Amino acid sequence: MEGTSTVPDTSAASTTPATPVTSVPPVQPVPPTPPVPLSALLAREDLGLRHIAGPVDPDTVIHWAHTSEMADPYPYLLGGELLLTAGVHIPEAAGSGTYFDDYVSRIVAAGGAALGFGLAPVHDTVPRALVAACDTYGLPLLEVPPQTTFSGVARAVWQLMAQARLAELRRVTEAQQSLAAAAARPDPVAAVLRQLAQRVGGWAVLYGPEGAELARAGRTPKDGPVAALGTLAAVVRPGATQPAVPPGPTPPLAPAPTPTPSSATDTVGGTHLAAYALGGGRGFVLGVAAPRRDPGDHTIASVAAVLLSLLTGEQQSGSGSARSAALVRLLLGAAPEEVAPLLGGDRWTVVHARPAADGPAPDAVAASALGAALGSALIDTGGSVVRVLVPGDREPTAQQGWICGVSAAVGPHEWASADGQAARALARARATRTPLVRHGERPALADLVPPADAAAHARALLAPIAATPALTETLRTWLSLHGSWDRTAVALSVHRNTVRQRIARCAALLEADLDDADVRMELWFALRET
């Protein structure tokens, strides 16, 4: 009777297509289960498997284990199996005819990955004719010792597959997190492409609606794959030219137009290619080229395609018609509070943002990505500052790669005032190098002075004692303890008279009256900057 193992099903092994293969699959929430390398199964000491015939190829993989005692297992194989048999089906005179050649050739034709032959209770050794046939047809042959059961081999395959799946899920999860973080950077498109290229170990490119390369990242493949990837991108681009109808009489009913696929794959010169049409129907396409294609790569590329769709498309917090209506009414003299309901809220927060690193002003794509992260499509890119009008029910948070100033939540009639609040908050954030500052937070004295100016003032003021660390530390401790001689002596583990002598020396060198509260405040401010 035909038997099967309980190893879970996985996707079939990929092949190299002669022409591009197109499909319209949904985005996979998780990658398919990776196959198991045959070498990993042979490395299991508890199984004791021995490779006795056939090629030794490190790329040979197994998708599942299957047990069969049929003389012709071809109808029961899907491809990629480790076929296990105890040789019950072998007739007594098999060695003198073509039985083993026929048997092995049928396994190879069905796509079997390897053959495992169990010793005992039927055969004490693997038939020599079977070994010769496996060598002839290039089928790996494993000797299964008597103490190893077929169910044990199947369980080992399942365990290795579970480990590989866990590792692949971890890889995909880490890739998703890094891609999301890249999309929040000031240069989101380039950052997403860099992360994608790094995660798949290849090359990623963004094509524009006309087919031109807008951005690329990673190791550029040779000319052949580059040109083939551009051709593949044209296949998935909306409005792509469909195959011409052959000449002849017009049929009574025209055939339905072939829908444009959302993705396409191909392999050229050993390089795996994939193209993904970005959402929005604006003609942007993501292309990926990699030397190998792991099970999770499609999921990772799909996540990147979704992010790039958001970055290249128009972000909308409400309908486009509502925003247009609000703009028209403002231009025709309507009050802000009258048009605010069209935009989706009664209270609003203004955010001013600048890139954390000094560089060129953010472009429209970077500003769009920031607005999407803050939850608003109401964005203004003017010079080096991006202004975003955020609905009051959404709490702006710090964004990686940006310095932000946030106003209080106000009604539409106070938008102008909130704009000033956000500008002042951004100035404080830049002065203190804080990722996000909100209006209304109590600023410290140091927040009012640019860091460079404060440090220069501190160096100049404390220069007379800077060369003597003992004096600087004593003055710092003494001021922090409100001028207490005894507590300062205890804190520094010195005699109180030593404290008095050092403070007197500081007063003399600084030419300052340390009994003056203003002098103490200025010195304390300077000491905090050193």
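Reading the values: the criteria
- Numbering of residues starts from 1 in each chain and follows the order in which that chain's sequence is written.
- Totals for whole chains, interfaces and linings use every residue, but because this is a predicted model, local features are given only for residues with pLDDT of at least 70 and side-chain atom pairs only at 80 or more, for both listing and counting.
- For side-chain calculations, the full set of non-hydrogen atoms in the structure is used, while hydrogens and water are omitted.
- The way it works is that DSSP assigns letters per residue, a run of H or I at least four long becomes a helix, a run of E at least two long becomes a strand, and they are numbered from the N terminus.
- Note on exposure labels: buried denotes an accessible area under 20% of the residue type's maximum, exposed denotes more than 50%, and partly exposed covers the range between, all computed with a 1.4 Å probe on protein chains only.
- The contact criterion used is simple: two residues touch if any of their non-hydrogen atoms lie within 4.5 Å.
- The patches described consist of residues with a relative accessible area above 30% and no salt bridge, like charges being joined within 9 Å and nonpolar side chains (Val, Leu, Ile, Met, Phe, Trp, Tyr) within 5 Å.
- Using a 1.4 Å probe, the Shrake-Rupley method yields the accessible areas, and only the shown protein chains count as cover for residues.
- Salt bridges are defined by distance alone: a side-chain nitrogen of Lys or Arg within 4 Å of a carboxyl oxygen of Asp or Glu.
- For the charge count, each Lys or Arg is scored as positive and each Asp or Glu as negative, with His and the chain ends excluded.
- Taken as the charge centre is NZ of Lys, CZ of Arg, CG of Asp or CD of Glu, depending on the residue.
- Within 3.5 Å is the distance limit for a polar contact, defined as a pair of N or O atoms, with the added protein rule that one can donate a hydrogen and the other accept it, and that residues adjacent in sequence qualify only through two side-chain atoms.
- Here the rule is simple: two strands pair whenever DSSP picks up at least two bridges between them.
- Lines fitted to the C-alpha atoms define the axes, with helices restricted to the stretch that makes contact. Angles between their N-to-C directions range from 0 to 180 degrees.
- Planes of paired rings set the category: under 30 degrees apart is stacked, over 60 is edge-to-face and the rest tilted, where pairs are Phe, Tyr or Trp rings (Trp by its six-membered ring) whose centres lie within 6.5 Å.
- Geometrically, a charge over a ring is one whose NZ (Lys) or CZ (Arg) sits within 6 Å of the ring centre while staying within 35 degrees of the ring normal.
- Any helix carries an expected span of 1.5 Å times its number of residues minus one.
- pLDDT measures the predictor's confidence residue by residue and takes values from 0 up to 100.

### Describing the overall build of the protein
Thinking step 1. Within the protein, the secondary structure is distributed over 16 helices and 18 strands.
Thinking step 2. Residue burial in the protein is summarised as follows: out of 530 residues, 42% are buried.
Thinking step 3. In the protein, of all internal contacts separated by at least 6 residues, the share reaching a separation of at least 24 is 66%.

### Looking at a negative patch on the surface
Thinking step 1. A surface patch of negative charge is lined by D513, D515, D516, D518 and E522.
Thinking step 2. As for its position among the elements, D515 is in the loop between α15 (496-510) and α16 (517-528).
Thinking step 3. Residue class for D515 comes out exposed when judged on its relative accessible area of 67%.

### Focus on the environment of A373
Thinking step 1. Relative to the elements of secondary structure, A373 occurs in helix α10 (residues 364-374).
Thinking step 2. On the basis of relative accessible area, A373 is assigned to the partly exposed category, the value being 39%.
Thinking step 3. Note: C-alpha distance between A373 and A398 (25 residues apart in sequence) is 9.8 Å.

### A look at the side chain of T85
Thinking step 1. As for its placement among the helices and strands, T85 is situated in strand β6 (residues 81-85).
Thinking step 2. You can call T85 buried: its relative accessible area is 0%.
Thinking step 3. Within the structure, the side chain of T85 is placed 3.2 Å from the side chain of H89, a separation counted as a polar contact.
Thinking step 4. Apart from residues no more than four positions distant in its own chain, T85 is found in contact with S68, E69, Y103, L115, G116, F117, G118 and F150.

### Concerning the sheet that holds strand β7 (residues 114-118)
Thinking step 1. Strands sit in the order β3-β8-β7-β6-β5 across an open sheet of five strands; the sheet is mixed. Each having just a single partner strand, β3 (50-53) and β5 (64-67) make up the two edges of the open sheet. Pairwise comparison of adjacent strand axes, ignoring direction, gives a mean angle of 30° for this sheet.
Thinking step 2. The sheet contact formed by β6 and β7 spans four bridges and is parallel.

### Side note on the packing of aromatic side chains
Thinking step 1. Counting across every chain of the model gives four aromatic pairs.
Thinking step 2. Relative to W415, the ring of W348 lies with its centre 6.1 Å away and its plane at 90°, an arrangement referred to as edge-to-face. Of this pair, W348 sits in strand β14 (residues 348-355) while W415 is found in helix α11 (residues 415-432), placing the two residues 67 residues apart along the sequence. The exposure classification of W348 matches that of W415, with both residues buried.
Thinking step 3. One aromatic cluster is present, formed by Y99, F100 and Y103 through successive ring pairs.
Thinking step 4. A cation over an aromatic ring shows up here: R106 above the ring of Y74, its NZ or CZ 4.1 Å from the ring centre.

### Structural notes on unusual backbone geometry
Thinking step 1. At the junction of A120 and P121, the peptide bond is cis and its omega measures out at 5° in the coordinates.
Thinking step 2. If you trace the backbone, P121 turns up in the loop between β7 and α3 (128-137).
Thinking step 3. The residue S493 is not glycine, and still its phi comes out positive at about 60°.
Thinking step 4. Structurally, S493 can be placed in the loop between α14 (485-492) and α15.
Thinking step 5. One non-glycine residue, E511, adopts positive backbone phi at about 55°.
Thinking step 6. When you line up the elements, E511 lands in the loop between α15 and α16.
Thinking step 7. Classification of E511 as exposed rests on a relative accessible area of 75%.

### Topic: helix α5 (residues 188-200)
Thinking step 1. For α5, built from 13 residues, the straight-helix expectation of 18 Å at 1.5 Å per residue is met to within 8% by its first-to-last C-alpha distance of 18 Å.
Thinking step 2. One or two steps after α5, the chain reaches G201, where phi turns positive at roughly 65°.

### What to know about the side chain of T349
Thinking step 1. Among the secondary structure elements, T349 is positioned in strand β14.
Thinking step 2. Among the residues examined, T349 registers a relative accessible area of 5% and is labelled buried.
Thinking step 3. Setting aside chain neighbours within four positions, we find T349 in contact with V388, L389, V390, G392, P396, V406, S407, A408 and A409.

### A word on the confidence of the model for the protein
Thinking step 1. When pLDDT is averaged along the protein, the result is 81, and 84% of the positions lie at 70 or above.
Thinking step 2. Ignoring residues within four places in sequence, the model shows residues 1-30, a span with pLDDT below 50, making 59 contacts including any to other chains.
Thinking step 3. Under a pLDDT of 50 for its full length, residues 242-246 has, in the predicted model, two contacts with residues more than four places off or in other chains.

### Quick word on the pairing of strand β13 (residues 285-290)
Thinking step 1. Counted residue by residue, β13 has six buried out of six residues, so it is predominantly covered.
Thinking step 2. What you see with β13 is no split at all: V285, G287 and A289 on one side and L286, V288 and A290 on the other are buried throughout.
Thinking step 3. Pairing geometry for strand β9 (residues 203-207) and β13, over five bridges, is antiparallel. Along β13, the bridge assignment pairs L206 with L286.
Thinking step 4. Bridge count for strand β12 (residues 271-277) against β13 is six bridges, and the pairing is antiparallel. Bridge pairing in β13 places H272 opposite A290.

### Examining the pattern of salt bridges
Two side chains with opposite charge may pair up if their charged atoms get near one another.
Thinking step 1. Evaluation of the coordinates by the stated rule reveals 12 salt bridges.
Thinking step 2. Residues D297 and R171 are paired through a salt bridge, measuring 2.9 Å at the closest nitrogen-oxygen approach. Placement of D297 in helix α7 (residues 297-312) and of R171 in helix α4 (residues 150-183) is noted, with a sequence separation of 126 residues between them. Each of the two residues, D297 as well as R171, counts as buried.
Thinking step 3. Between D419 and R387 there is a salt bridge whose closest N-O contact spans 3.0 Å. Of the two residues, D419 sits in helix α11 while R387 sits in strand β16 (residues 385-391), which places them 32 residues apart along the sequence.
Thinking step 4. Taken together, the salt bridges that share partners define one network made up of E168, R171 and D297.

### Re the pairing of β16
Thinking step 1. Counting buried residues in β16 gives five out of seven residues, a clear majority hidden from the surface.
Thinking step 2. Examined bridge by bridge, β14 and β16 share six bridges and lie antiparallel to one another. Looking at the pairing, W348 lines up with P391 of β16.
Thinking step 3. Two elements, strand β15 (residues 379-382) and β16, share four bridges in a ladder whose sense is antiparallel. Within β16, the residue paired with G382 across the bridge is V385.
Thinking step 4. Adjacent in sequence and paired antiparallel, β15 and β16 are bridged by two residues, among which G383 carries a positive phi angle near 70°.

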